[in-house]
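Per-entry structural report
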Amino acid sequence: MIFQAARLAAANLFAVETRSVFWKVLGLTVLVLVALWLALRSVFISLIFPWIAAFFPAMPDWAGWLSFVFLIMAGIGLALGLALLLSPVTALIAGLFLDDVAEIVEKRDYPSDAAGTAMPLAASISSSIKFLGVVILGNVVALFLLFIPGINIAAFFLVNGYLLGREFFEFAAMRFRSPEEARQFRAQHAGTVFLAGLVIAGFLAVPIVNLLTPLFAAGMMVHLNKLLSRQELGVRM
């Protein structure tokens, strides 16, 4: 069931209907990162660089080019720093489009079922921020355990598997259930949800590909929610 949901979610990433969501997420991510780079660069030039230059008041005129080189290196350093934010920023933005992905999956693969209910905008923003927090928390915990031989990789998968599985499954379930019912449904199938979360954690561990983690995870958990719901009702897929 888990691998079936993962296979369907992977196929969903390349579906024609999903491309618009993908380009929206990618475009907004690039815009946010560029805006952050410009803002940080402006702060550096106006506040930090003059403070550093004050330590070298006697620099001869012929060495003025060093300032230009230093600014270029600082700009490159800021760009590399923003690269570390690529995954969290993508997660934050993609969180706003999870209902779009869920709606596409439900309409295409489960046309005879009742449509799910999308979250209100405020709840969607809250969910997006919550998911960002989950990604950061999971990776901070894994980072602290990075230097402990034998458990660092396991910690990454266990922490992210639990957190990502829980958040995305409850998101998919809440399209058809109240928040409390969604949590109970997730607890009822905690083992299956955790194993599905490990698959998502594996997806998250692949560089570049991990930018698609929110879209993949949303699609996978929509399928898993549907499969588990039909299993309870005794409906064959």
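Just so it is clear, the structure is predicted and the values come from calculations on it, not from any experiment.

The subject of this paragraph is the overall build of the chain. Along its length, the chain carries 10 helices and zero strands. Listed by position from the N terminus, the elements making up the chain come as α-α-α-α-α-α-α-α-α-α. Within the span of the chain, comprising 237 residues, buried residues form 38% of the whole. Total accessible area on the chain is roughly 13200 Å²; 74% of this is exposed by carbon and sulfur atoms.

We now examine the packing of aromatic side chains. Counting across every chain of the model gives two aromatic pairs. Considering the side-chain rings of F203 and F216, the 4.3 Å spacing of their centres and the 5° angle between planes classify their relative orientation as stacked. With a gap of 13 residues between them, F203 in helix α9 (residues 190-204) and F216 in helix α10 (residues 213-233) connect regions that are remote in the sequence. In this structure F203 comes out as buried when scored by relative accessible area, which is 16%. Judged by its relative accessible area of 4%, F216 falls in the buried class. Seen from the ring of F185, R177 lies directly overhead, with NZ or CZ sitting 3.8 Å from the centre.

Right, let's get into the packing of helix α5 (residues 98-109) against α10. To describe two helices that pack against each other, one gives the angle between their axes and the distance between the axes. One way to put it is that α5 packs onto α10 with a least axis distance of 9 Å and a crossing angle of 45°. Between α5 and α10, the crossing angle belongs to the class labelled oblique. Considering only the axes of α5 and α10, their crossing is right-handed. For the pair α5 and α10, the contacting residues are L98, V101, A102, V105, E106 and D109 in the first and P214, L215, A218, G219, V222, H223 and K226 in the second. For the contact of α5 with α10, the per-class residue count stands at eight nonpolar, two polar and three charged.

For the rest of this paragraph, the subject is the packing of helix α1 (residues 2-13) against α10. Packing of α1 against α10 brings their axes to within 8 Å, and their N-to-C directions diverge by 135°. Relative to α10, the element α1 is oriented oblique. Viewed along their axes, α1 and α10 form a crossing whose handedness is right-handed. In this structure, α1 contributes I2, Q4, A5, A6, L8, A9, A10 and L13 to the contact, and α10 contributes L215, F216, G219, M220, H223, L224 and L227. Taken together, the residues of the contact of α1 with α10 break down into 12 nonpolar, three polar and no charged.

Rules behind the numbers
Residues numbered from 1 in each chain as written. Predicted model: local features only at pLDDT ≥ 70, side-chain atom pairs only at ≥ 80, totals over all residues. Heavy atoms only, no water. Helix = DSSP H or I, 4+ residues; strand = E, 2+ residues; numbered from the N terminus. Buried < 20%, exposed > 50% of the residue type's maximum accessible area, 1.4 Å probe, protein only. Areas by Shrake-Rupley, 256 points an atom, 1.4 Å probe, with all protein chains shown as cover. Phe/Tyr/Trp six-rings, centres within 6.5 Å; stacked < 30°, edge-to-face > 60°. Lys NZ or Arg CZ within 6 Å of the ring centre and 35° of its normal. Axes fitted to C-alpha atoms, helices over the stretch in contact; angles between N-to-C directions. Parallel < 35°, antiparallel > 145°, perpendicular 65-115°, else oblique. Left-handed = near helix turned anticlockwise from the far one by under 90°. Contact = heavy atoms within 4.5 Å. Nonpolar A, V, L, I, M, F, W, Y, C, P; charged D, E, K, R; others polar.

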